[in-house]
Amino acid sequence: MLVDDHQMFRTGVKAELGPQIEVVGEAADVDEAVAVIGETRPEVVLLDVHLPGGGGVEVLRRVLPSQTRFLALSVSDAAEDVIGVVRGGARGYVTKTISGPELTDAIGRVAEGDAVFSPRLAGFVLDAFSATAAPVADPELDQLTAREREVLRLIARGYAYKEIAKELFISVKTVETHVSSVLRKLQLSNRHELSRWAAARRLI
């Protein structure tokens, strides 16, 4: 089952999946996801992290424990997003840069009970669950919404507004609005200062 708030993305994923994968349902927000999972009882749910209604973590909270296994599939590669859904019960986390064959393989492995992570994300999970790792509160970062954090990371990586709009399936105007909000909340003046701020917190 596919859970993502962008229909165009869900359509693209279905087209990329191998013939051995049967898509039994789709959902665009938390409430719809919980309802459709209950109706279709899929083996594996591909779950976006940022969803209307509370996000992927809320879906996990309302559905688990269950026979269904969850694989997070998101544009975000932020440590807090990865750790959040894994603590919530997801069996893996891959980013939307993954290829169709790789995603098909990941779904099969999760269905068999394996844990699957994009290579650099596995380190976040190991760190989070090690005895020495402790979460560090960051009041400045905490005041940003999930979408603002996504925009911030892409800005810090050198993406143009148009590229960010395409990556996140939003308009350029919406990107500009998010950037203005981030600058205001962090009391910064321009995207160069934003990049330095993000780099200092290892958000890039």
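Residues numbered from 1 in each chain as written. Predicted model: local features only at pLDDT ≥ 70, side-chain atom pairs only at ≥ 80, totals over all residues. Heavy atoms only, no water.

Thoughts on the overall build of the protein chain
Part 1 of the argument: Assigned secondary structure in the protein chain consists of 11 helices and six strands.
Part 2 of the argument: Taking 2.2 N^0.38 as the reference for a compact globule, 204 residues should give roughly 17 Å; the C-alpha atoms of the protein chain span a radius of gyration of 17 Å, in line with that estimate.
Part 3 of the argument: Residues counted as buried form 46% of the 204 residues belonging to the protein chain.
Part 4 of the argument: In the protein chain, 62% of the contacts between residues at least 6 apart in sequence involve partners at least 24 apart.
Part 5 of the argument: For the protein chain, the accessible area works out to roughly 10700 Å², and carbon and sulfur atoms hold 52% of it.
Part 6 of the argument: Averaging the coordinates of the 24 positive side-chain charges in the protein chain and doing the same for the 29 negative ones gives two points 5 Å apart. (Helix = DSSP H or I, 4+ residues; strand = E, 2+ residues; numbered from the N terminus. Rg over C-alpha atoms; globule rule 2.2 N^0.38 Å. Buried < 20%, exposed > 50% of the residue type's maximum accessible area, 1.4 Å probe, protein only. Contact = heavy atoms within 4.5 Å. Areas by Shrake-Rupley, 256 points an atom, 1.4 Å probe, with all protein chains shown as cover. Lys, Arg positive; Asp, Glu negative; His and termini not counted. Charge placed at Lys NZ, Arg CZ, Asp CG, Glu CD.)

Brief notes about the pattern of salt bridges
Part 1 of the argument: As enumerated under the stated definition, the model contains 12 salt bridges in all.
Part 2 of the argument: We note a salt bridge from Glu-80 to Arg-153, for which the minimum N-O separation is 2.7 Å. In this pair, Glu-80 is assigned in helix H4 (residues 79–88) and Arg-153 in helix H8 (residues 146–156), connecting sequence segments 73 residues apart.
Part 3 of the argument: Of the residues examined, Arg-153 reaches a relative accessible area of 4% and is grouped as buried.
Part 4 of the argument: Glu-148 is the partner of Lys-185 in a salt bridge, and the nearest nitrogen-oxygen pair spans 2.9 Å. Placement of Lys-185 in helix H10 (residues 172–186) and of Glu-148 in helix H8 is noted, with a sequence separation of 37 residues between them.
Part 5 of the argument: Residue Lys-185 is classed as partly exposed on the basis of its relative accessible area of 24%.
Part 6 of the argument: On the basis of relative accessible area, Glu-148 is assigned to the buried category, the value being 5%.
Part 7 of the argument: Each of Glu-80, Asp-142, Arg-149 and Arg-153 takes part in one network of salt bridges that share partners. (Salt bridge = Lys/Arg side-chain N within 4 Å of Asp/Glu carboxyl O.)

Examining the UniProt feature "domain: Response regulatory" (unreviewed entry) in the protein chain
Part 1 of the argument: According to UniProt, the positions carrying the feature "domain: Response regulatory" (unreviewed entry) are residues 1–111.
Part 2 of the argument: A helix fraction of 47% and a strand fraction of 16% characterise residues 1–111, whose end C-alpha atoms lie 12 Å from each other. (UniProt positions renumbered as here; feature names shortened; annotations may be inferred.)

Quick look at the nonpolar core
Part 1 of the argument: If you look at the biggest cluster of nonpolar residues, it comprises 23 residues, and the most contacted ones within it are Met-1, Val-3, Leu-47, Val-59 and Phe-70.
Part 2 of the argument: Secondary structure elements with two or more residues in this core: helix H2 (30–40), strand E3 (44–47), helix H3 (55–63), strand E4 (69–74) and H4.
Part 3 of the argument: For this core, the element with the most residues is H2, which contributes five residues.
Part 4 of the argument: Setting aside residues no more than four positions away along its own chain, Phe-70 makes contact with Ile-37, Val-45, Leu-47, Val-59, Leu-60, Val-63, Leu-64, Ala-90, Arg-91, Gly-92 and Val-110. (Core = buried A, V, L, I, M, F, W, Y, C linked by side-chain atoms within 4.5 Å.)

Remarks on the packing of aromatic side chains
Part 1 of the argument: A full pass over the atoms with the stated rule returns one aromatic pair.
Part 2 of the argument: With a centroid separation of 6.4 Å and 65° between ring planes, the pair formed by Phe-9 and Phe-169 is classed as edge-to-face. Here Phe-169 lies in the loop between helix H9 (161–168) and H10 and Phe-9 lies in helix H1 (residues 7–16), a separation of 160 residues in the sequence.
Part 3 of the argument: The buried category is assigned to Phe-9, whose relative accessible area is 15%.
Part 4 of the argument: Taking relative accessible area as the criterion, Phe-169 reaches 33% and is therefore assigned partly exposed.
Part 5 of the argument: Over the ring of Phe-9 we find Lys-96, and its NZ or CZ is 4.1 Å from the ring centre. (Phe/Tyr/Trp six-rings, centres within 6.5 Å; stacked < 30°, edge-to-face > 60°. Lys NZ or Arg CZ within 6 Å of the ring centre and 35° of its normal.)

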